[in-house]
Structures are given as structure tokens and as C-alpha cells.
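Chain by chain, the residues:
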Amino acid sequence: MNLSSRNIAILLAILVAGVLTTFAYILPSLSFQEAFLATGVTVAACFLLLYLSFEALIFREINGIYAGLEHIKRKEFKKLSNKFLFRPEPIKRVRDEILQMAERRQQELDELMRLQALRREFLADVSHELKTPLFAAQGFVHTILDDEDDDIDVATRRKFLSKAAASLDTLDALVQDLVTIAQLEKGVVRMRRQRFDVVALVQEIFELLEQQAEHRGTTLALFPPTLPTDGLIVIADRNRIRQVLINLIDNAIKYGRDNGRVVVSLVEGSRQIRIAVRDDGAGIAPEHQNRIFERFYRIDKSRSRDSGGSGLGLAISKHIVEAHKSTIKVKSTLGEGTTLEFKLSKPKAV
């Protein structure tokens, strides 16, 4: 029988009242010694009843607390959901508060462990990314310095120095990207919003990446083919949005099919313009789609290493777009390609 403190109090009141009533009824026929003995028995009975009842209640609640803590340790939070309803009994309120506090602490501990794992992964990735170009440049330079007999001709020296310079440029770009993403996360970088034509910006980027696209036989296309003659005007930081579009189109060229097609769609709404970059590559599996914006996260590690990049482009793009009060959405189907899209605000009508 599941008795609450209220039910126990009612039961005790009825029992004590019954005992006293019975005692008062038979009192005239009792001697002093018998009356004294009856009083003692009544007091002892009430004491034992109170003591045992509340001991049973308290121990049951304590056992319930331990059972709830075991559920929390096992992360079985759903089993506790029906235990957190409002109850007037103070012991049960204390029990619920303890369980709620323990659940919060367990969730905070899980989050700290997750962040610790991400920190270790990030430090390992940064170390690896920094060492790769650094060791390459170091190797080329030391090869030239260790040539005491001038066995290396001028052309070979220039070739080694060019490769060392390229490795150092890669290192510099990585450091700059790390600085940029740190500033974006801290909110130090302010977006300089201005009016500009997003159509002209996309065409400018097409010209910039034209040779890279031709190398893979990729066609760069703008959709719809016929756009307003005066362009599509948005309010945003042009340089930062240019950086975002370069990252998205560059990735679409790299991970699209050979002799494929990359399409940039510009769809005008009442207040915003939706910008989407679509490729016809292998697509992204669902388990990777929520992680591609993490720093240094790579799906195809071997291929991404060959094709270069710091692994920070999408992470930087995500922060820039969010600074414009928008989000980058991923739509991808394996074997059919990937679409990344975001929205920019149009100027307010005067």
C-alpha cells in the first residue's frame, strides 16, 4: 500500500480518536491502576504507530532517491519523467529536487566530457595541420642548406625554394583562418553591411574559379538564366559574403563529378534572396551532414588532403552567415549531389 504523509496523518487521527473514545467510554468502570495502564498502552501504541509509520515513509523515499540516482547514472531520464509532478508532501518534494539536481549535474558532466573530447580532437587536428606544411618547408630548406658541395643546381634550388614557399603560404593561410574563426566566435569581427548586387558578385567568383573548373571539366551556371537587368540587391558585408561563396563554389567544384555541373541559384523573395550552391557529386551521408561545419571535419580524408584547404572554410562560412542573421542549410542525397543554401536580406523599400 502506497501511503503518503497525508494519508498516514488521517489514519493516525482516526486510530487515536478511536482509542481515546473507547478509553473515555470505559473509564468509569476502571480502577486507577487499570486507567494508568490503559493510558500507558495508548501512549506506547501511538508512539510505535507514529514511529514505525514515518520511519517506513522516510526509508521508502530514501530508497526511491537512490533508485532515481541509479537511473540518472544509467542516463535513463525517461523513467524519471513521471516522478517530477508537483506533490504537496515535503519529503517527496525534497526527493524530486534531489533527482532534478542530480539529472542536471549529470547532463552538465556529459556536456563537459563532450567538449573535452572536441577540444582534444581540435588540438590533434591543429597539430597535424600545422606540422604538415611546416615539416615540408623545413625539409626543402634543410636539403638546400645541407648541400655543402653545391651538388644541387640553380634550377633545383629554385624548385625546392618554391615548394618551401608554397608550404609556408599554406601554413600562413591556416593561421589566418584560425585567427578569423576565433574572432568570429568571439564576435570581434563586425559585419560592414552595404548594398551590392549579388548577381555581379557570383559572376565575379565564376571568373575567379574558371580555371579550376575547367581543369575538372566542370560547368559553372547561374539560375535562373534570365535575371533582372539591374541585378538583385542585398544588404550584407560584401567581402565576407564573397568569402562564403568562394568556399561553397570551390567545394562544389572539388567534390562534384568530373565534367559535371555546379549551379548557383538566386531566388528572390519578398524580403530575402535565397542563394543556393548545388553540385552533382557523390552527396553527403546523413550522419555527416550535421558535422561538415565543424573545424577540420573531413568526410573523405584522403581526397581532401590531396585537394588542399585548411578544413576551416565551411566553419568560417557558417559563422559569417549566422552573423547576418541567417543559417546555412544542407540538402544532400547520396549519388545525386549536395546543395548548400542561405538567405540574405533585401534593402527596405523607401
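Sequence positions are assigned chain by chain, starting from 1 and proceeding in written order. Owing to the predicted nature of the model, reporting of local features is limited to residues with pLDDT of at least 70; listing and counting of side-chain atom pairs is limited to 80 or more, with chain, interface and lining totals taken over all residues. Based on all heavy atoms of the structure, the side-chain values leave hydrogens and waters out of the count.

- Taking an unreviewed UniProt entry as the reference, the chain is identified by name as histidine kinase belonging to Hymenobacter aranciens.
- The record in UniProt for the chain states the following under Catalytic activity (unreviewed entry): "ATP + protein L-histidine = ADP + protein N-phospho-L-histidine." UniProt positions are given in the numbering used here, feature names are shortened, and annotations may be inferred rather than shown by experiment.

### So, the overall build of the chain
Here comes step 1: Helical segments are the DSSP runs of H or I of at least four residues, strand segments are the runs of E of at least two, and each set is numbered from the N terminus. Assigned secondary structure in the chain consists of 10 helices and seven strands.
Here comes step 2: Exposure classes here rest on a 1.4 Å probe applied to the protein chains alone. A residue is buried below 20% of its type maximum, exposed above 50%, and partly exposed in between. Taken across its 350 residues, the chain has 33% of its residues classed as buried.
Here comes step 3: Taking the intrachain contacts of the chain between residues at least 6 apart in sequence as the baseline, contacts between residues at least 24 apart amount to 72%.
Here comes step 4: Residue-level accessible areas treat just the shown protein chains as cover; the underlying method is Shrake-Rupley with a 1.4 Å probe. Here the chain has roughly 22400 Å² of accessible surface; of this, 57% comes from carbon and sulfur atoms. Residues count as neighbours in contact if any of their non-hydrogen atoms are within 4.5 Å of one another.

### Some words on unusual backbone geometry
Glycine aside, the phi torsion of most residues is negative, and most peptide linkages are trans.
Here comes step 1: Note that the residue after Phe 223, namely Pro 224, is joined by a cis bond; omega there is -5 degrees.
Here comes step 2: In this structure, Pro 224 sits in the loop between strand 2 (219–223) and strand 3 (233–236).
Here comes step 3: Positive phi, close to 60 degrees, is recorded for Asn 259, a residue that is not glycine.
Here comes step 4: By the element assignment, Asn 259 lies in the loop between helix 7 (238–255) and strand 4 (261–268).
Here comes step 5: For Lys 325, which is not glycine, the phi torsion reads 60 degrees and is therefore positive.
Here comes step 6: Checked against the element boundaries, Lys 325 lands in the loop between helix 10 (313–323) and strand 6 (329–333).
Here comes step 7: A relative accessible area of 73% places Lys 325 in the exposed class.

### Focus on the packing of aromatic side chains
Here comes step 1: Centre distance within 6.5 Å is the pairing criterion for rings of Phe, Tyr and Trp, where only the six-membered ring of Trp is used; planes under 30 degrees apart are then read as stacked, over 60 as edge-to-face, and the remainder as tilted. On inspection of all chains with the given rule, the structure shows one aromatic pair.
Here comes step 2: Judged by centre distance (5.6 Å) and plane angle (40 degrees), the ring pair of Phe 140 and Phe 160 falls under tilted. With Phe 140 in helix 3 (residues 90–145) and Phe 160 in helix 4 (residues 154–186), this pair connects stretches of sequence that are 20 residues apart.
Here comes step 3: Under the relative-accessibility criterion, Phe 140 is labelled partly exposed at 22%.

### Some words on the confidence of the model for the chain
Here comes step 1: Scored between 0 and 100, pLDDT is the confidence that the predictor attaches to each residue. Residue-level pLDDT values for the chain average 78, and 69% of them are 70 or greater.
Here comes step 2: Counted against residues more than four places away or in other chains, residues 83–88, with its pLDDT under 50, gives 14 contacts.
Here comes step 3: Every residue in residues 302–306 scores below 50 in pLDDT, and together they form nine contacts with partners more than four places removed in sequence or on other chains.

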